Amino acid sequence: MKKVIEFIKSERFKEIFRFCVNGGVSFLVDWATMLFLDRFVFPENLHWISIAAGFTLSVILNYILCVVWVFKGATKQDFKSKVIFVGSSVIGLLLTELFMFLLEKIMPAKNAKPIVTLIVMVWNYFMKRIALYGMKSKNE
């Protein structure tokens, strides 16, 4: 129990909490964009464009929030870290498209999206952290 309390008080826990808040906000942008484009812009056979557009907007917001708020001290990014961040986001998009494709066979997109987001969030946390800090955090 002592280790749990220590972890809750740690900077890593605060970072994960900020990442989850950032993820929640980014998710809302992603989901709302997908639903809006599906409803008003694209026909059903172009649903994948709605998914990609929502994801892209959320990645831009996510990057900005990760650099200025989530990962403290990560404000100076070199080209390599930006490539890793964007590359991991592209892989996240591919995972999102794949899982959406699979889950939409058994449930509506509006229900599948939150599930897929939670799955891809784990990938995103570790890859964004590596992109912005390298393999170790600034405190390690």
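This is a predicted model, so every value here is computed, not measured. (Residues numbered from 1 in each chain as written. Predicted model: local features only at pLDDT ≥ 70, side-chain atom pairs only at ≥ 80, totals over all residues. Heavy atoms only, no water.)

A short note on the overall build of the protein chain
Rule in force here: Secondary structure elements follow DSSP: runs of H or I no shorter than four residues count as helices, runs of E no shorter than two count as strands, and numbering proceeds from the N terminus. Exposure is judged per residue with a 1.4 Å probe applied to protein chains only, and the accessible area is read against the type maximum: over 50% gives exposed, under 20% gives buried, and values in between give partly exposed. Throughout, a residue-residue contact means that at least one pair of heavy atoms, one from each residue, lies within 4.5 Å. Here the Shrake-Rupley method, with its probe set to 1.4 Å, supplies the accessible areas, and only the displayed protein chains count as covering residues.
Within the protein chain, the regular secondary structure consists of five helices and zero strands. When its C-alpha atoms are laid out on the principal axes, the protein chain stretches across 50 × 40 × 20 Å. Taken over 140 residues, the protein chain has a buried fraction of 34%. Sequence separation of 24 or more characterises 72% of the internal contacts of the protein chain that already satisfy a separation of 6 or more. When the accessible area of the protein chain is evaluated, it comes to approximately 8700 Å², of which 73% is carbon and sulfur surface.

Some points on the pattern of salt bridges
Cut-off, in case you're wondering: When a carboxyl oxygen of Asp or Glu is within 4 Å of a side-chain nitrogen of Lys or Arg, the pair counts as a salt bridge.
All told, the structure shown has four salt bridges when counted by the stated rule. For Glu11, the salt bridge is made with Lys14, and the minimal N-O distance between the two is 3.5 Å. Of this pair, Glu11 and Lys14 both sit in helix α2 (residues 11-40), three residues apart, which is roughly one turn of the helix. Classification of Glu11 by relative accessible area gives partly exposed; the value is 43%. Across the pair Glu15 and Arg129 runs a salt bridge whose closest N-O atoms are separated by 2.5 Å.

Looking at the environment of Val86
Residue placement: Val86 occurs in helix α4 (residues 79-103). According to the relative accessible area criterion, Val86 is partly exposed, its value standing at 48%.

A word on the packing of α2 against helix α3 (residues 47-70)
To keep it simple, the criterion reads: Note on definitions: angles span 0 to 180 degrees between N-to-C directions of axes, and those axes are lines fitted to C-alpha atoms, for helices only across the stretch in contact. Every angle not falling under 35 degrees, over 145, or within 65 to 115 is termed oblique; those three ranges are roughly parallel, roughly antiparallel and roughly perpendicular. Left-handed describes a crossing in which the near helix is turned anticlockwise from the far one by less than a right angle; the clockwise case is right-handed. Note that Gly is not counted as nonpolar here; it falls among the polar residues with everything else outside the nonpolar set of Ala, Val, Leu, Ile, Met, Phe, Trp, Tyr, Cys and Pro and the charged set of Asp, Glu, Lys and Arg.
Interaxial distance between α2 and α3 falls to 8 Å at its minimum, and their mutual angle equals 155°. On the basis of their axis angle, the class for α2 and α3 is roughly antiparallel. The handedness of the crossing between α2 and α3 is right-handed. Among the residues forming the contact of α2 with α3, the class breakdown is 15 nonpolar, eight polar and four charged.

Concerning a nonpolar patch on the surface
For clarity, the threshold we go by: Patch membership needs two things, relative accessible area over 30% and no salt bridge, and members are linked within 9 Å if like-charged or within 5 Å if nonpolar (Val, Leu, Ile, Met, Phe, Trp, Tyr).
Among the surface-exposed residues, Phe17, Val21, Val25, Leu57, Ile60, Ile64, Val68 and Trp69 lie close enough to one another that they form a single nonpolar patch of about 710 Å² accessible area. When contributions to the nonpolar patch are tallied by element, the ones reaching two or more residues are α2 and α3. Looking at which element gives the most residues to the nonpolar patch, the answer is α3, with five residues. As for its position among the elements, Val25 is in helix α2. Its relative accessible area of 39% is what places Val25 among the partly exposed residues.

Some remarks on α2
Defined as follows: Expected span of a helix, by definition, is 1.5 Å for each gap between consecutive residues, and there is one gap fewer than residues.
Here α2 contains 30 residues, and its C-alpha end-to-end distance of 43 Å stays within 8% of the 44 Å for a straight helix at 1.5 Å per residue. Buried residues belonging to α2 abut α3, α4 and α5 (109-133).

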